[in-house]
Amino acid sequence: MLDEVNSQCPVARALEVLGERWALMILRDAFDGLRRFSEFQKNLGLAKNILASRLKLLVECGLLAMQPASDGSAYKEYVLTEKGRSVFPIVVGLRQWGERFLFEAGEARSALVDRASGQAVQMLEVRADDGRVLRAEDCQRTLVRHT
């Protein structure tokens, strides 16, 4: 549960949902097209009880929805909702940071490419309304009311 100060912080609230490793790994796999419990379990190597609890949380938070399997079988599938798809830039940002700082030169890694062109995805940048690239020191937090 968040304290009063952190309850006003969007980062703290986002971490309540996304801050656990497996939540982001499940979403990463969903972006890659995985939909079934067995696919997530096989790809992540996660214990079934932990996977079930993380999937349940992602459904309860509205990032994934359960629906009948697309092949007409009795299985259920987990599909990204609009809210879940909106996490994509966060996953890309983590990926790009990891690519930059956590791999040695020549070390094998997966890469994210544009499906249409096969080219690498450009680095994410934070920009001002006028298009300027902003750094952390160019920004400040302020309290606003959600409208």
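See the structure printed just above.
All of these numbers come straight from a predicted model, not from anything done at the bench.

A short note on the overall build of the protein
Looking only at helices and strands, one finds seven helices and two strands in the protein. Seen in sequence order, the protein has helices and strands lined up from the N terminus as α-α-α-α-α-β-β-α-α. C-alpha atoms of the protein, sized along the principal axes, occupy 50 × 45 × 25 Å. Taking as baseline every contact in the protein between residues at least 6 positions apart, the subset at least 24 positions apart corresponds to 40%. Element-wise, carbon and sulfur atoms account for 53% of the exposed surface of the protein, whose accessible area totals about 11,300 Å². The average position of the 21 basic charges and that of the 20 acidic charges among the side chains of the protein differ by 4 Å.

Focus on the pattern of salt bridges
Two side chains carrying opposite charge are able to pair once their charged atoms lie near each other. Enumeration according to the criterion identifies twelve salt bridges in this entry. The shortest N-O distance in the salt bridge between Glu-99 and Arg-109 comes to 3.2 Å. Remark: Arg-109 occurs in the segment after α7 (88–101) and Glu-99 occurs in helix α7; sequence separation between them is ten residues. Ionic pairing is found between Glu-125 and Arg-127, a salt bridge with its closest N-O pair at 2.4 Å. When its relative accessible area of 45% is taken as the criterion, Glu-125 is described as partly exposed.

Remarks on the nonpolar core
Ranked by size, the top nonpolar core spans 21 residues in total, and within it Ile-26, Leu-27, Phe-40 and Leu-64 carry the most contacts. When contributions to this core are tallied by element, the ones reaching two or more residues are α3 (21–31), α4 (37–44), α5 (48–60) and β2 (76–80). With six residues, α3 is the single largest residue contributor to this core. For Leu-27, the contacting residues outside a window of four places in its chain are Leu-18, Leu-58, Leu-63, Leu-64, Leu-80 and Val-87.

Looking at the packing of aromatic side chains
Evaluated as defined, the whole model comprises three aromatic pairs. Plain terms: the ring middles of Phe-31 and Phe-88 are 5.2 Å apart, the flat faces sit at 70 degrees to each other, and that makes the pair edge-to-face. On the criterion of sequence distance, the pair formed by Phe-31 in helix α3 and Phe-88 in helix α7 is long-range, its members being 57 residues apart. For Phe-88, a relative accessible area of 36% translates into the label partly exposed. Ring centres of Phe-40 and Tyr-78 lie 6.4 Å apart, and the angle between their planes is 70 degrees; on these two criteria the pair is classed as edge-to-face. Residue Phe-40 is located in helix α4, and its partner Tyr-78 is located in strand β2; the two are separated by 38 residues in the primary sequence. According to the relative accessible area criterion, Phe-40 is buried, its value standing at 0%. Tyr-78 gets classed as buried once you look at its relative accessible area, which sits at 12%.

Parameters at a glance
Residues numbered from 1 in each chain as written. Predicted model: local features only at pLDDT ≥ 70, side-chain atom pairs only at ≥ 80, totals over all residues. Heavy atoms only, no water. Helix = DSSP H or I, 4+ residues; strand = E, 2+ residues; numbered from the N terminus. Contact = heavy atoms within 4.5 Å. Areas by Shrake-Rupley, 256 points an atom, 1.4 Å probe, with all protein chains shown as cover. Lys, Arg positive; Asp, Glu negative; His and termini not counted. Charge placed at Lys NZ, Arg CZ, Asp CG, Glu CD. Salt bridge = Lys/Arg side-chain N within 4 Å of Asp/Glu carboxyl O. Buried < 20%, exposed > 50% of the residue type's maximum accessible area, 1.4 Å probe, protein only. Core = buried A, V, L, I, M, F, W, Y, C linked by side-chain atoms within 4.5 Å. Phe/Tyr/Trp six-rings, centres within 6.5 Å; stacked < 30°, edge-to-face > 60°.

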